[in-house]
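The residues making up each chain are set out below.
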Amino acid sequence: MSAPDPPSEWLMQPRWLPTLRAAIGGAVIVSAVTALALAYPWRGLEVALVALWGGYGAFLVWASRRERSGTRLEDDAVVVVTSGGRTTRLTRADILDLRTDQPGRRAWRVQAVRRDGRLITLLAVPPAELERLRAWHVGGPAGGR
């Protein structure tokens, strides 16, 4: 039996979590509308609390749209860093160096140094993957360890 392929995508959280959070937000909104219907005749405090509760549900739904964050190593030799709705594509030519944020065992993230000197954090990539990413950067295969 062969060893499993190393990951080519690292996510900050499981794929299903934003969907679950949006569903909870929808349930909160429905419960706020139901509470408003059951509290008739309305008083100021009840309306304010229900509006606050419904706003919380709307925030959960809104925020869950932008929570798919991670890094993907594609076959066409491009690292894609996604943070919320923003995507940054880095080719081998864009990257000057790949390194950890701290030396030794204290490192907890991998960063790409762009040719213009800016640092881009590769979201969710563990420091153990640094050597494989460096091999990809110098032109080696991305799949092997």
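Because the structure is predicted, anything quoted here is derived from the model rather than measured.

Rules of the game
- Residues numbered from 1 in each chain as written.
- Predicted model: local features only at pLDDT ≥ 70, side-chain atom pairs only at ≥ 80, totals over all residues.
- Heavy atoms only, no water.
- Salt bridge = Lys/Arg side-chain N within 4 Å of Asp/Glu carboxyl O.
- Helix = DSSP H or I, 4+ residues; strand = E, 2+ residues; numbered from the N terminus.
- Buried < 20%, exposed > 50% of the residue type's maximum accessible area, 1.4 Å probe, protein only.
- Pairing = 2+ DSSP bridges.
- Phe/Tyr/Trp six-rings, centres within 6.5 Å; stacked < 30°, edge-to-face > 60°.

(A) Local environment of the pattern of salt bridges. By the definition in use, this model includes ten salt bridges. Note that R89 is salt-bridged to E74, the shortest N-O span being 3.4 Å. Placement of the pair is R89 in strand β4 (residues 86-91) and E74 in the loop between β2 (70-73) and β3 (78-83), with a sequence separation of 15 residues. You can call R89 partly exposed: its relative accessible area is 44%. D101 is the salt-bridge partner of R109, the closest N and O atoms lying 3.4 Å from each other. A residue is classified by how much of its surface remains accessible, and R109, at 29% relative accessible area, is partly exposed. Residues participating in the shared-partner salt-bridge network are E9, R15, R72, E74 and R89.

(B) View of the pairing of strand β6 (residues 110-114). β6 sits mainly inside the fold: five of its five residues count as buried. Of the two faces of β6, the one holding V110, A112 and R114 and the one holding Q111 and V113 are both buried throughout. For strand β5 (residues 95-100) and β6, the ladder comprises five bridges, and the chain directions are antiparallel. Along β6, the bridge assignment pairs L98 with A112. One ladder, built from four bridges, connects β6 with strand β7 (residues 119-122); its direction is antiparallel. Opposite V110, over in β7, you have L122 as the bridge partner.

(C) Local environment of the packing of aromatic side chains. One pass over the full model with this rule turns up three aromatic pairs. Ring plane angle 90° and centroid distance 5.3 Å describe the contact between Y40 and W42, whose orientation is recorded as edge-to-face. The class for W42 is partly exposed, based on a relative accessible area of 47%. A centroid spacing of 5.8 Å and a plane angle of 35° characterise the contact between W53 and Y56, whose relative ring orientation is tilted. Of this pair, W53 and Y56 are both found in helix α2 (residues 44-64), three residues apart, which corresponds to roughly one turn of the helix. On the basis of relative accessibility, which here comes to 41%, the residue W53 falls in the partly exposed class.

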